Amino acid sequence: MAAGGFCKLPNGSVVVALNLPSPGSGSGFVRVLVLAQNRARALTRLRNLGLRAVYLRGNAAPPTPDEITAVLHHPDGLIWRTAPDSAGQELSQELWHPIRALLRRPTAQA
């Protein structure tokens, strides 16, 4: 099951963070951040983009302050980057990408 969490902001909106399997490549995970009015709307935004099996259970991996700042400053309020591996290695050098870049990623042709 994918790790995830949320953080309620003072203005009432919510930032949801989810670690999802990377679509297309099959290996690795991506960290997706969504800004919405509530948790249900955040998950609906992802489902409307074609990520159907998206659920938020618990608050095991809430967004960090840096992640919240990144999603607040993005015009779409929906960004992603490669998730850190299980050894705790942080990929702080990678920039955040708009969700369109994730959904357009070329798949390996066999």
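Use the structure listed above.
Quick look at the structure, then. Note that the structure is predicted; figures quoted are calculated from it, not measured. (Residues numbered from 1 in each chain as written. Predicted model: local features only at pLDDT ≥ 70, side-chain atom pairs only at ≥ 80, totals over all residues. Heavy atoms only, no water.)

## Considerations on helix α1 (residues 39-48)
What counts here: Here the term buried applies to any residue with accessible area under 20% of the maximum for its type, exposed to any over 50%, and partly exposed to those in between, with areas from a 1.4 Å probe on protein chains only. Only DSSP runs of H or I with at least four residues qualify as helices, and only runs of E with at least two residues qualify as strands; both kinds are numbered from the N terminus onward. Here, the arc refers to the directions that run from the helix axis to the C-beta atoms. It only takes one pair of heavy atoms within 4.5 Å for two residues to be counted as in contact. Any pair of nitrogen or oxygen atoms within 3.5 Å is treated as a polar contact; in protein, a donor-acceptor pairing is required on top of that, and neighbouring residues in sequence qualify only through side-chain atoms on both sides.
Inspection of α1 places Ala 42, Leu 43 and Leu 46 among the buried residues, and these make up the whole buried set. Axial view of α1: buried residues confined to an arc of 95°, hence all on one face. In α1, the exposed positions that point more than 90 degrees away from the buried face belong to Arg 41 and Asn 48. Next to the buried residues of α1 lie β2 (14-21), β3 (29-36) and β4 (78-82). N-cap assignment for α1: the residue whose side-chain oxygen lies 3.3 Å from the backbone N of Ala 40 is Asn 38. Gly 50, located one to two residues past α1, shows a positive phi value of around 105°.

## Quick notes on the sheet that holds β3
For the record, the criterion: One requirement defines pairing of two strands: DSSP has to find at least two bridges between them. Axes here refer to lines fitted to C-alpha atoms; in helices the fit is confined to the stretch in contact. Angles between the N-to-C directions go from 0 to 180 degrees.
The sheet built from five strands is open, its strands ordered β1-β2-β3-β4-β5 with antiparallel pairing. One side of each edge strand has no neighbouring strand; the edge strands of this open sheet are β1 (4-8) and β5 (97-98). Sheet topology note: the β4/β5 ladder contains two bridges and is antiparallel. Counterpart to Trp 80 in the pairing with β5 is His 97. Sitting on the sheet, helix α2 (residues 65-72) is in contact with β1, β2, β3 and β4, with an inclination near 60° to β3.

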